[in-house]
Amino acid sequence: MKAIVFPGDRTAVLKEFPDPVPGPGEVVLRMRASGMCGSDLHFYRGSVGFAAGGGTIQGHEPCGEVHAVGPGVTEAMAKVGQRVMVHHYWGCQTCRRCRSGWPQMCETAPAKTMSATAHGGHAPYALVPAHTLLPLPDELSFKAGAAVGCGTGTAWGGIKRLGEIADTTVVVFGQGPVGLSATMFAAAMGARVIAVDIDASRLRRARDFGAHEVLDPAEVDLAEAVGDLTRGRGADVVLETSGRAGQDALDVLGTFGRACFLGLPGEVRFSAEQHYKKQWTLMTSWTMSTIQQARCADFIVAHHLPVDDLYTHSWTLDQAAEAYTWFDEQSDGKGVFEFAE
Ligand SMILES: [Zn+2]
Ligand SMILES: [Zn+2]
């Protein structure tokens, strides 16, 4: 089969790989959708610390159907033909982190991560351990399941870190695929959402996804504008997804505010002396647990959320070069590789 690899020089090329065969405890998926995630670009560009070496199949938002199961995989774990999402990390399965659904933080050894240290989903077939599979609800498309597998799931994980947000004013910084998902979830959870981005088309989309107010920091003073919208109190909750607005995020945060930083590099500095009377809770977040991924999918179904609309571009594998040239410009939208039935 031919699959997408990144040599690390801003190119995406198709490379020949043997068709995968499932070993004990493993499953081969017939890929139906494989999302493009912002973090792909670290590998695409060959950023320091991210080189995948050109030998690893890319794509860590895989979604598809079970094609073949290896020895020891029971029907309860995976059935041929079953529609599935994948939690794209795998660990030892026995340490506390793995058992609590967080294999990305495995205490025994670094977790295998699809597209980085294990082959990913930008291929006709993908090989994964059966324990990484999560059922894809019938109501969700394969591309929705792909989004939940990283970008949209990451937004969910960040919001879950923040706790109860109903009846609060939430400022979401960055309206890329993760931020837009966060805007959608926060609005559905009953928060009043103020979406922030420097791109007018992203702000228009934010309104479509439920933002009550939108702000462009190139046009307004953010602290003043959020102050005006909150009777001077500032935001109750802030989610920073752009990786570039750490300081702005703190500037709009009110007393007893909670802020979660999940965009990278996301430099944040503050003086406790200047701010201790604000009673802040500041936190970071890294993707989502297995259980959170499943619950995220359930929430999308229950609230009829327009996850498919996050995608602006659909590609086939042989359009890899064009797809990643487009994505590298990071102008707008989200792409997905789709596969014929
Ligand atoms: Zn573990
Ligand atoms: Zn990702």
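Parameters and conventions
Residues numbered from 1 in each chain as written. Chains lettered and ligands numbered in written order. Predicted model: local features only at pLDDT ≥ 70, side-chain atom pairs only at ≥ 80, totals over all residues. Heavy atoms only, no water. Helix = DSSP H or I, 4+ residues; strand = E, 2+ residues; numbered from the N terminus. Polar contact = N/O pair within 3.5 Å; in protein donor to acceptor, adjacent residues only side chain to side chain. Donors = N, O, S within 2.8 Å, 3.2 Å for Na, K, Ca; no water. Tetrahedral: all angles 85-135°; square planar, octahedral: opposite > 155°, others 65-115°. Pairing = 2+ DSSP bridges. Axes fitted to C-alpha atoms, helices over the stretch in contact; angles between N-to-C directions. Contact = heavy atoms within 4.5 Å. Expected span 1.5 Å × (residues − 1). Buried < 20%, exposed > 50% of the residue type's maximum accessible area, 1.4 Å probe, protein only.

**Q** Please provide a residue-by-residue account of the side chain of Q58, values included.
**A** You can see Q58 is positioned in the loop between helix 1 (40-44) and strand 4 (62-69). At 3.2 Å, the side chain of Q58 and the backbone oxygen of T56 are in polar contact. Of note is the side chain of Q58, whose polar atom sits 3.0 Å from the backbone oxygen of S115.

**Q** Could you give an account of the coordination of the zinc ion (ligand 1), with specific residues and numbers?
**A** Every protein donor of the zinc ion (ligand 1) is accounted for by C92 (SG), C95 (SG), C98 (SG) and C106 (SG), and the metal-donor separations fall at 2.3 to 2.4 Å. One can describe the donor arrangement at the zinc ion (ligand 1) as tetrahedral, given that its 4 donor atoms subtend angles of 103 to 117 degrees at the metal. Donor residues for the zinc ion (ligand 1), ordered by position in the chain, follow C-x2-C-x2-C-x7-C. In this pair, C92 sits in the loop between strand 6 (89-90) and helix 2 (96-99) while C106 sits in the loop between helix 2 and strand 7 (112-113), placing the two residues 14 residues apart along the sequence.

**Q** Let's hear about the sheet that holds strand 10 (residues 169-173): which residues, and what values?
**A** Read from one edge to the other, the open sheet built from 6 strands follows the order 12-11-10-13-14-15, with strand pairing classed as parallel. Since the sheet does not close on itself, it has two edges, and those belong to strand 12 (213-215) and strand 15 (281-284), each with one partner. Adjacent strand axes in the sheet meet at a mean angle of 20 degrees, parallel and antiparallel pairs treated alike. Lying over the sheet, helix 6 (residues 200-208) contacts strand 11 (192-196) and strand 12, oriented at roughly 165 degrees with respect to strand 12. Those strands touched by helix 7 (residues 222-229) are strand 10, strand 11, strand 12 and strand 13 (235-240), and its axis lies near 165 degrees from that of strand 12.

**Q** I'd like a description of helix 10 (residues 290-302), backed by residues and values.
**A** The terminal C-alpha atoms of helix 10 lie 19 Å apart, and with 13 residues this matches the ideal 18 Å at 1.5 Å per residue to within 8%. Within the span of helix 10, buried status applies to T290, Q292, Q293, C296, A297, F299 and I300. H304 sits one or two residues past helix 10 and shows a positive phi near 50 degrees.

**Q** Could you give an account of the coordination of the zinc ion (ligand 2), naming the residues involved and the relevant values?
**A** All of the protein donors around the zinc ion (ligand 2) are C37 (SG), H60 (NE2) and C150 (SG); their distances to the metal are 2.0 to 2.2 Å. One chain supplies every donor for the zinc ion (ligand 2), spaced along it as C-x22-H-x89-C. Highlighted residues: C37 in the loop between strand 3 (26-35) and helix 1 and H60 in the loop between helix 1 and strand 4, separated in sequence by 23 residues. Residue classification places C37 among the buried positions, given a relative accessible area of 8%. Here H60 falls in the buried class, since its relative accessible area comes to 4%.

Spatial relationships are all this shows, so hold off on functional conclusions.
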